[in-house]
Amino acid sequence: PRPIIEKEKNVEKKTKKKSESPQIEKPLTVEEKQTEDIVQLLKKGRAPLLISYLRKNKIDKDFTLVPEVKYNGMPTMLHYCSQNGLKQMVLILLTNLKCSPVIKNNNGKTAWDLAKTLPVKQSFQIARHNLGESFTSWEDSHVEEPLSREEVEKMNQEIEENEKKETQDIVK
């Protein structure tokens with residue numbers, strides 16, 4: 001039992017050392033604080049709170065997230081949501097807030113280009129369908145053909161049925 005106690009003491013010493021070392025924390029800029037607040041609302045999917053926060057603080061829908069180092073490759077809320085698989089927020093940012101899908105990050109990628117999953121891509125396509133072709137240059141945004149919710153549901157149902165069939169075939 002004795003070595004365990006020594007290990008616990010070492011852990012205590014290490015944690016004390018970290019907290020004792022002077023952390024020089026510079027205060028956040030207004031934009032950095034706003035970015036933190038916005039990102040928290042995006043992560044939690046709090047669309048109504050996000051919309052009221054943007055209005056209350058007079059923040060543009062295509063606000064640039066800062067610091068750039070931390071949000072490298074994700075300059076806007078739309079890029080952030082796309083990269084992080086927040087499909088519902090992608091749809092809300094496009095259809096409700098009318099965020100621009102043509103903005104490119106420092107690597108020349110649009111929010112669509114950062115989407116890693118089919119559901120996120122489908123959110124863009126549903127938004128394109130809902131907003132219409134005149135909303136923006138969809139070609140510049142790289143978003144593929146518009147799809148209605150019904151079309152997306154039908155596609156997903158077919159994919160699910162094919163996967164079930166494949167599983168059943170493997171079992172046989």
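Note that the structure is a prediction, hence the values are computed from the model and not measured.

Each value, and the rule that gives it
Residues numbered from 1 in each chain as written. Predicted model: local features only at pLDDT ≥ 70, side-chain atom pairs only at ≥ 80, totals over all residues. Heavy atoms only, no water. Helix = DSSP H or I, 4+ residues; strand = E, 2+ residues; numbered from the N terminus. Contact = heavy atoms within 4.5 Å. Salt bridge = Lys/Arg side-chain N within 4 Å of Asp/Glu carboxyl O. Buried < 20%, exposed > 50% of the residue type's maximum accessible area, 1.4 Å probe, protein only. Phe/Tyr/Trp six-rings, centres within 6.5 Å; stacked < 30°, edge-to-face > 60°. Lys NZ or Arg CZ within 6 Å of the ring centre and 35° of its normal. pLDDT = per-residue confidence, 0-100. Expected span 1.5 Å × (residues − 1).

### As for the environment of Phe63
So, point 1. Relative to the helices and strands, Phe63 is located in the loop between α3 (47-56) and α4 (77-83).
So, point 2. When the C-alpha atoms of Phe63 and Met77 are compared, they prove to be 7.3 Å apart, with 14 residues separating the residues in sequence.
So, point 3. For Phe63, the residues in contact, after removing those within four places along its chain, are Glu31, Gln34, Thr35, Ile38, Pro75, Thr76 and Met77.

### Re the pattern of salt bridges
So, point 1. Across all of its chains, the model carries 3 salt bridges by this definition.
So, point 2. Here Lys33 ties to Asp37 by a salt bridge, and the two come within 2.8 Å at their closest N and O atoms. With Lys33 and Asp37 both in helix α2 (residues 30-44), this residue pair falls 4 residues apart, about one helical turn.
So, point 3. Here Asp37 falls in the partly exposed class, since its relative accessible area comes to 22%.

### As for the packing of aromatic side chains
So, point 1. If you walk through the whole model with that rule in mind, you get 3 aromatic pairs.
So, point 2. For the pair Tyr71 and Tyr80, a centre-to-centre distance of 6.2 Å together with 65 degrees between the ring planes defines the contact as edge-to-face.
So, point 3. Owing to a relative accessible area of 7%, Tyr71 belongs among the buried residues under this scheme.
So, point 4. With relative accessibility at 7%, the residue Tyr80 sits in the buried group.
So, point 5. Considering the side-chain rings of Phe135 and Trp138, the 5.9 Å spacing of their centres and the 40 degrees angle between planes classify their relative orientation as tilted.
So, point 6. Residue class for Phe135 comes out partly exposed when judged on its relative accessible area of 26%.
So, point 7. For Lys121, the ring lying beneath its charged end belongs to Trp112, and the centroid distance is 4.1 Å.

### Considering the environment of Gln34
So, point 1. Assignment of secondary structure puts Gln34 in helix α2.
So, point 2. Each C-alpha atom of the pair Gln34 and Ile59 lies 8.8 Å from the other, and the pair is 25 residues apart in sequence.
So, point 3. Setting aside residues no more than four positions away along its own chain, Gln34 makes contact with Tyr53, Asn57, Ile59 and Phe63.

### A short note on the confidence of the model for the protein chain
So, point 1. Looking at the protein chain as a whole, its pLDDT mean stands at 89, while 87% of the residues score no less than 70.
So, point 2. Confidence drops under a pLDDT of 50 for residues 14-19, and excluding neighbours within four residues, the segment shows 0 contacts in the predicted structure.

### Re α2
So, point 1. Across its 15 residues, α2 extends 21 Å between first and last C-alpha, which sits within 8% of the 21 Å expected from 1.5 Å per residue.
So, point 2. What α2 keeps buried is the set Glu32, Gln34, Thr35, Ile38, Val39, Leu41 and Leu42.
So, point 3. In this fold, the buried residues of α2 make contact with α3, α4 and α5 (87-95).
So, point 4. With its phi angle positive at about 70 degrees, Gly45 sits one or two positions after the end of α2.

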